[in-house]
Amino acid sequence: MVRTRFAPSPTGYLHIGGVRTALFNWLFARQHGGQFILRIDDTDEQRNVREALQPILDGLRWLGIDWDEGPEVDGPYAPYYQSLRAQRYEAAVQQLIATGAAYWDYALAEELQLERESAQADQRSFRYSRKWSAESPSDRQRFEAQGRTGVVRLKMPQSGKVTIRDQIRGNVEFDWGQEQDHVVQRADGTCLYHLATVVDDYDFQITHVIRAEEHLSNTPRQVFIAQALGYPVPEFAHLPFVAEPGSKTKISKRKLQKYLKHHDFAQLMQHASTIMQRLGDVPDAESFNPILVGFYQRIGFLPQSLLNYFLLLGWSLDEKTEFFGRDEMIAQFSLGRVNHAPASFDPAKLMSFQDHYMRGLPIKQKVPLVLAYLQEAGWVTTPPACDVGPYLLQVLAAIGDRLRVSGDILSFDEFFVDDEQLAVDPQVVAKCLATPESRAILHEYQATLVDIAPFDSNSLEQHTKGFLAARSLKMGQLVHGLRVAVTGKAIGCGVFETLAILGRERCLRRIGRLLEQIL
RNA sequence: GCCCCCUUCGUCUAGUGGCCCAGGACAUCGGGUUCUCAGUCCGAAGACACGGGUUCGACUCCCGUAGGGGGUACCA
């Protein structure tokens, strides 16, 4: 039975590197009919775990990455929080000491520092001399009488080699002699990550440890701990990093400001800010950023777009397949085809997946997505009136591919605000209705709108063509002024569709109002 | 310093010795189409880090160099 896990720290954010790791673990488990476990690495107890965990759980759920065991679902090995498992770690430390795989150590920080510096000076790798290690209880008493406090260190082998079998990188060899006697238990009695992770992976029966490459160098000590404790060593797979845009450095949530200088990043951010402004929401600069999943959720990305993009960040099936639905991903994924080199995050490419999936989404399914934004903006009541559904269907049909994320609906205010409240761009008016002729054409055209029946896109187009032909005018001489009159903007949906949706009364009022203003 | 990992178009990648004067996608740039925009169609430009081997033949194998990244914590 395959069991994989994702072990986030409750930081309050789910960032894209983490999601990619979670996704690969999840895919691997699902593909093998196994289980995917969520474990919370909350050894840093300062923060409010519950609160900081919620965005992470929400993000994973939104993406459809479901877990079989972990927070909110529990499971046979609960609790799944490291902070609640201290006793298990303590027992493991005792076992390590009992079998001679670890020892109490009383070195002072400055004593260690001296050894480290002298190693540096000799250009050899540092290894602790074990000079202050306690062999017996009486040694411990002696050191403690000197006022020293003890930690527990691993008694690592000093020679020989260890081979880590990695499903992505093959065999990786390390010299035991290079390894440190790492601390596994602090002076205050708490345990360190390497010990905790090994114990947890064993207790939770994890078979495949799929994690980021940064842990590869740490694997020997974890193998040592597992073996010393008599645990089977799991399979490992170390994923390449998700790197910064335009760089190979591991992406970090601490450098948000720096990424905003990246062109495509800035553009996405701009797009998102526009939506947030229309919602009247001022997002927190720290948490509203394209490296965090919540960002995409907030502005109306489709989970499928993110999933597909992350899948291809370090993995590919072949030379041409790009689009994978959930089931296809699960069926096709393989650790063997994971890339070895870091993959840098490209917001523009992510956006192109979003375009693709949004374009493919049936209009009916877009209705509830955009409705949520319209209600939040206060343009549609909650609950919506019964004619809103059909109306939105019409509007969305007219908008077509112009809707890239659900929040973009807010840039089509012309369909939702009252005639008096419609914002009209004066620059566009100045440009499109600059000449008396252009105003005269619009005025004349307005009068003809009264007779058109039915007032639909087709009739409007036919009528307009006739109107223009009779006067030897071209389409361009009318439409731009017409569009700004009814929408307030220079760009938008097809003008006849727009007129039809708005209906005769609103069109006449808006055109009349604008002509009054500028004449 | 020491150890480990990595290196194909700007980006994600295909490529497991001849099918590759390197294929696809995104982005870019031209052009067609449309009432604007979005879209769509057609086209262009663009890469094997470098140096040595091995071989009839190397992007592919070996060695080295350079560059990038990670680890080396009483962080995770």
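Everything discussed here concerns the structure shown above.
These lines cover the structure that appears in this document, whether it is placed above or below. All values derive from a computational prediction rather than experimental measurement. (Residues numbered from 1 in each chain as written. Chains lettered and ligands numbered in written order. Predicted model: local features only at pLDDT ≥ 70, side-chain atom pairs only at ≥ 80, totals over all residues. Heavy atoms only, no water.)

Remarks on the environment of Asp 418
Of note, Asp 418 is situated in the loop between helix H15 (388-399) and helix H16 (426-432). Residue Asp 418 is classed as partly exposed on the basis of its relative accessible area, which comes to 46%. A C-alpha to C-alpha distance of 9.5 Å links Asp 418 and Trp 379, two positions 39 residues apart in sequence. (Helix = DSSP H or I, 4+ residues; strand = E, 2+ residues; numbered from the N terminus. Buried < 20%, exposed > 50% of the residue type's maximum accessible area, 1.4 Å probe, protein only.)

Quick look at unusual backbone geometry
Backbone torsion omega between Thr 382 and Pro 383 reads -5°, so that peptide bond is classified as cis. One can find Pro 383 in the loop between helix H14 (363-376) and H15. The amide bond that connects Ala 453 to the next residue, Pro 454, takes the cis arrangement and shows omega of -10°. Take Pro 454: it is sitting in the loop between helix H17 (436-449) and helix H18 (457-470). The residue Glu 72 is not glycine, and still its phi comes out positive at about 70°. Structurally, Glu 72 is set in the loop between helix H2 (49-63) and helix H3 (86-98). Take Glu 72: its relative accessible area is 47%, and that puts it in the partly exposed class. With a phi angle near 65°, Arg 130 is a residue other than glycine that sits in the positive phi range. Its place among the elements puts Arg 130 in the loop between helix H4 (109-121) and strand S4 (133-134).

Things to note about the pairing of strand S3 (residues 102-105)
Going residue by residue along S3, you find Ala 102 and Trp 104 tucked away on one face and Tyr 103 and Asp 105 tucked away on the opposite face as well. Taken together, the four bridges between S3 and strand S5 (residues 151-154) define a ladder with antiparallel strand orientation. Residue pairing in the sheet places Tyr 103 in a bridge with Arg 153 of S5. As paired strands, S3 and S4 are joined by two bridges and run antiparallel to one another. When the sheet's bridge partners are listed, Asp 105 is paired in S4 with Ser 133. (Pairing = 2+ DSSP bridges.)

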